Amino acid sequence: MERHLYILQRVTAAIMAPFVMIHLAVIFYALGGGLTASEILGRTRGDPAWAAFYGLFVLALATHAPIGLRAVLREWTPWRGPSLAAVLLAFGLLLLALGLRAVAAVVLP
Amino acid sequence: MAEIVRVRVWRGGAEGQFQAFEVPRRANQTVLDLVTWVQREADPTLAYRFACRVGMCGSCAMTVNGRPRWTCRTHVERVERDGGVEIAPLRSLPVIRDLACDMTVFFEKWQGARGRFAPSQTRRDPLPAIKPEAPARQEADAGIECINCAVCYAACDVVARKPDYLGPAALNRAWTLANDGRDSEREEILTRVWRDGGAFDCHSHGSCAEHCPVGLEPTRAIAGLKRLALGGAKRLPK
């Protein structure tokens, strides 16, 4: 269990590290280039590459964050067991839902 | 330099207070010399622990001016602050009395990481050939000089916060055994160090390596155990 969570967290971190850089670069490009919201949406909507990029980003983040939060909570509090697992699962699903909703708004035609 | 060293020594158990002593200054005086002077000349009821006095046995570790140190090899002139030395028991271990800690939990965790050699051959088998230059042997060699003083354990902030964390010394020992081609229970070691309280709890702060009196790097050993979890276990010696 601990080993699998560790591997999942490292793999998702390895995915997110370059993705964060690309995400920041995109923001600077879009804002620096003076693109309007409709111009940005015109490029992202219906584009499977952007859907895959941000979809995978959200999936990695929704996996990574609860595992990290779990480590913090288990180190700083005596909280263990099914209640902790349920709360962390709910937290991960919330991140996933919010993230995918945002991705859908940007990439769905 | 003043003729005396102002020493403050912890008295009591978990609850207690510092007691001040004035100890005559000597050339090349160690912190253990200060404690011994107090016990012999000022207050024979002072409880502390030492054995070899030459940095081999790992018995005399204490907190000196806030840092865990082996007191027999720590010169007063190197650590005193404003002509004073404050000496307390090690952090994260139950205090028995004064400067003596109960080391039980430290050694239980050592065993918790399966920190003892399990032979794979009998005395009737020929001696196995271990190449000193083999990478796994070099990893093991880098960590085997541990003297069990618990300085790393007291220095570790994760140990201080999470009582079931095995700690740097036990995990360092597990790493040396995992890299020992003669050990027969490697699976068991890895199972134990990959559990909750094992290698994944390490934050890689490096406090253990910073304080280790014999210059070992438990942080590096623990990083090795984490690497094994990512698939490197197949590279261990048969």
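Residues numbered from 1 in each chain as written. Chains lettered and ligands numbered in written order. Predicted model: local features only at pLDDT ≥ 70, side-chain atom pairs only at ≥ 80, totals over all residues.

**Student:** Hey, could you go over the overall build of chain A for me, with residue numbers and the actual values?
**Tutor:** Counting its secondary structure elements, chain A contains four helices and zero strands. For 109 residues, the compact-globule estimate of 2.2 N^0.38 gives 13 Å, and the C-alpha radius of gyration of chain A, at 17 Å, exceeds that figure by more than 25%. Along the first, second and third principal axes, the C-alpha atoms of chain A reach 50 × 25 × 20 Å. Out of the 109 residues belonging to chain A, those deemed buried represent 11%. The long-range fraction of contacts in chain A, counting pairs at least 24 apart against all pairs at least 6 apart in sequence, stands at 84%. (Helix = DSSP H or I, 4+ residues; strand = E, 2+ residues; numbered from the N terminus. Rg over C-alpha atoms; globule rule 2.2 N^0.38 Å. Buried ≥ 20, exposed ≤ 12 C-beta atoms within 10 Å, placed from the backbone. Contact = placed C-beta atoms within 7 Å.)

**Student:** Describe in detail the domain arrangement of chain B, supporting the description with residues and values.
**Tutor:** All names here are of chain B. Annotation of chain B at the domain level lists domain 1 (4–101) and domain 2 (104–235). For domain 1 versus domain 2, the distance between C-alpha centres works out to 29 Å. For the side of domain 1 that touches domain 2, the secondary-structure elements that each account for two or more residues are strand 3 (61–64) and strand 4 (67–70). Residue contributions to the side of domain 1 that touches domain 2 peak at four residues, all from strand 4. Along the lines of polarity and charge, the residues of the side of domain 1 that touches domain 2 split into seven nonpolar, four polar and four charged. (Domains from an automatic or database assignment. Nonpolar A, V, L, I, M, F, W, Y, C, P; charged D, E, K, R; others polar.)

**Student:** Give a detailed account of the nonpolar core, specifying residues and quantitative values.
**Tutor:** Residues and elements named next belong to chain B. If you look at the biggest cluster of nonpolar residues, it comprises 65 residues, and the most contacted ones within it are Ile-87, Ala-150, Leu-171 and Ala-174. No other element matches the seven residues that helix 7 (residues 168–178) contributes to this core. Structurally, this core is a two-domain feature, drawing no fewer than three residues from each of domain 1 (4–101) and domain 2 (104–235). When near neighbours in sequence (up to four residues on either side) are disregarded, Leu-171 contacts Ala-113, Leu-166, Val-193, Ala-199, Pro-218, Ala-221, Ile-222 and Leu-225. (Core = buried A, V, L, I, M, F, W, Y, C linked by C-beta atoms within 7 Å.)

**Student:** Provide a residue-level description of the packing of helix 3 (residues 48–76) of chain A against helix 4 (residues 81–107) of chain A, including the pertinent values.
**Tutor:** Residue and element names in this part refer to chain A. Helix 4 packs onto helix 3 with a crossing angle of 160° between their chain directions and a minimal axis gap of 9 Å. In terms of their interaxial angle, helix 3 and helix 4 are classed as roughly antiparallel. You can see that helix 3 and helix 4 cross each other, and the crossing is right-handed. When grouped by side-chain class, the residues that make up the contact of helix 3 with helix 4 number 19 nonpolar, four polar and one charged. (Axes fitted to C-alpha atoms, helices over the stretch in contact; angles between N-to-C directions. Parallel < 35°, antiparallel > 145°, perpendicular 65-115°, else oblique. Left-handed = near helix turned anticlockwise from the far one by under 90°.)

**Student:** Can you tell me about the interface of chain A and chain B, naming the residues and giving the values?
**Tutor:** Taken residue by residue, the interface counts seven residues in chain A and 11 residues in chain B. Within the residue set of the side of chain A that touches chain B, elements represented by two or more residues are helix 1 (2–32) and helix 3 of chain A. Of all the elements, helix 1 of chain A adds the most residues to the side of chain A that touches chain B, at five residues. Taken together, the residues of the side of chain A that touches chain B break down into three nonpolar, no polar and four charged.

**Student:** Describe the environment of Ala-155 of chain B, with residues and values.
**Tutor:** All names here are of chain B. Within the fold, Ala-155 resides in helix 5 (residues 151–155). Taking the number of C-beta atoms within 10 Å as the measure of exposure, Ala-155 has 27 and is therefore buried. Taking the C-alpha atoms as reference points, Ala-155 and Gly-58, separated by 97 residues in sequence, lie 15 Å from one another. Once you skip the residues sitting within four places of it in the chain, Ala-155 turns out to touch Pro-68, Ser-207, Cys-208, Glu-210 and His-211.

**Student:** Give me helix 8 (residues 186–193) of chain B: which residues, what numbers.
**Tutor:** Residues and elements named next belong to chain B. Residues of helix 8 that are buried: Arg-186, Ile-189, Leu-190, Arg-192 and Val-193. Taken down its axis, helix 8 places every buried residue within 165° of arc, on the same side. Looking at the buried residues of helix 8, the elements they touch are helix 3 (104–112), helix 7 and helix 10 (218–229). (Arc of directions from axis to C-beta.)

**Student:** How would you sum up the packing of helix 7 of chain B against helix 8 of chain B? Please name residues and give values.
**Tutor:** Residues and elements named next belong to chain B. Two elements in contact, helix 7 and helix 8, have axes separated by 10 Å at closest approach and are oriented at 150°. Judged by the inter-axis angle, helix 7 sits roughly antiparallel to helix 8. In the packing of helix 7 onto helix 8, the handedness of the crossing is left-handed. Of the residues in helix 8, those in contact with Leu-171, Ala-174, Leu-177 and Ala-178 of helix 7 are Arg-186, Ile-189, Leu-190 and Val-193. Tallied by class, the residues present in the contact of helix 7 with helix 8 amount to seven nonpolar, no polar and one charged.

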